[in-house]
Amino acid sequence: HLKNSLRVIQLRRTVKSTQSLVESIMEGTGVEKVEKFDAKSKWMTLKCAILLTNSFSDNLLLTNSKLGPKVDSDSHPSVRAAGFKLPKNLDKITLDIEVPAGFKRLRKALLESTSPFLADQYIKEKMKNKKVSMEKWNKHDNDIGSHNPKIDFKGFIGATTKLQYVMPKSLMVSANTAYETTAITEYNDDCFAVKKITKNPEVPYGKKFETHTQWVFVNSGSYKCHMICSMSAVFPKGKPMVAWKIKNGMISGCTESHVALAETIVEHAGNE
């Protein structure tokens, strides 16, 4: 838990530092601050600052981004629809943070079935999983993630996809196969959310529990998103004696994977 907490603190500092560094550079060079947020120019200035100061030695900003090109409308202020409500969190919030990436850009990168970001950059590269197999959405696969304003989002709710991958060996368990089903639960221009059910039948007691997780991304405007992740430990056939230990392990694992997702987004956010 301490390791994950430190990573979250580093993430928050990184996001905050992007703004502080830019403001400092602008003041030092006599550049007048303007009301309109120009994320691209700020990121370009920030990247130059990183090269000059070497303040982020862990290469938080990558040269080549797999998030895809920025979307101009992501620069607009966020004006949410009347009656908008956040999806209800699951039992345990594992991450609540603002990430410096536009809403539609993220929606496409995370939900489009052909996107190289989710499978390649996060699941394979960041999480070190192998033998990754991801299916298309069971409906509206060609439209989910699209920027086309004429598409009716209502039909996307309930769309599902399946993912399978081999998780690496850890201190607790050997390498094992995870089977994941993802369902879209929210999809509009204010928010998108997915719920995931992951099964690991090859680990001890693996047939007795399921890991339920939820990702929520809310449009904050100005090339930013509010990211909220949560999880629940579910025991469909009743809790075994070691349920508390399993749950603690699930909380730790989910927190680590959600922090890793945010880290991956931040790594790719500053480039196109």
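Residues numbered from 1 in each chain as written. Predicted model: local features only at pLDDT ≥ 70, side-chain atom pairs only at ≥ 80, totals over all residues. Heavy atoms only, no water.

Undergrad: It is not clear to me how the environment of Leu86 should be interpreted in this structure. Could you clarify?
TA: As for its position among the elements, Leu86 is in the loop between helix H2 (39–53) and strand E1 (92–99). A residue is classified by how much of its surface remains accessible, and Leu86, at 44% relative accessible area, is partly exposed. Between the alpha carbons of Leu86 and Ala193 there is a distance of 9.5 Å; along the sequence they are 107 residues apart. Setting aside anything within four residues of it in sequence, one finds Leu86 in contact with Val216, Val218 and Ile228. (Helix = DSSP H or I, 4+ residues; strand = E, 2+ residues; numbered from the N terminus. Buried < 20%, exposed > 50% of the residue type's maximum accessible area, 1.4 Å probe, protein only. Contact = heavy atoms within 4.5 Å.)

Undergrad: In this structure, what is going on with the environment of Tyr223? I would like to understand it.
TA: For Tyr223, the position within the fold is in the loop between strand E6 (210–221) and strand E7 (224–234). The sequence separation of Tyr223 and Lys70 amounts to 153 residues, and the corresponding C-alpha distance is 8.5 Å.

Undergrad: What is the right way to look at the state of the cysteines in this model?
TA: Two cysteines whose sulfur atoms are joined by a covalent bond form what is called a disulfide. Counted by the stated rule, this structure contains zero disulfides. Cys254 supplies the cysteine sulfur nearest to Cys229, a cysteine that is in no disulfide, at a spacing of 9.5 Å. The exposure class of Cys229 is buried, given its relative accessible area of 0%. (Disulfide = S-S within 2.5 Å.)

Undergrad: Help me understand the packing of aromatic side chains, please; the structure alone is not making it clear to me.
TA: Each pair of aromatic rings is reported with the distance of its centres and the angle of its planes. In total, this model carries six aromatic pairs according to the counting rule given. Between Phe153 and Phe156, the ring centres sit 5.9 Å apart and the planes meet at 40°, which makes this aromatic pair tilted. Seen in terms of ring centroids, Phe153 and Tyr187 are 4.9 Å apart; in terms of plane orientation they differ by 65°. Their pairing is edge-to-face. A residue pair is termed long-range when its members are at least 10 positions apart, and Phe153 in the loop between strand E2 (130–134) and strand E3 (160–167) and Tyr187 in strand E4 (residues 176–187) qualify at 34 residues. The pair formed by Phe153 and Tyr187 is uniform in burial state, with each residue classed as buried. Counting every residue linked through ring pairs, the aromatic cluster contains Phe103, Phe192 and Phe217. If you follow Lys196 out to its NZ or CZ, it ends over the ring of Trp215, 4.3 Å from the centre. (Phe/Tyr/Trp six-rings, centres within 6.5 Å; stacked < 30°, edge-to-face > 60°. Lys NZ or Arg CZ within 6 Å of the ring centre and 35° of its normal.)

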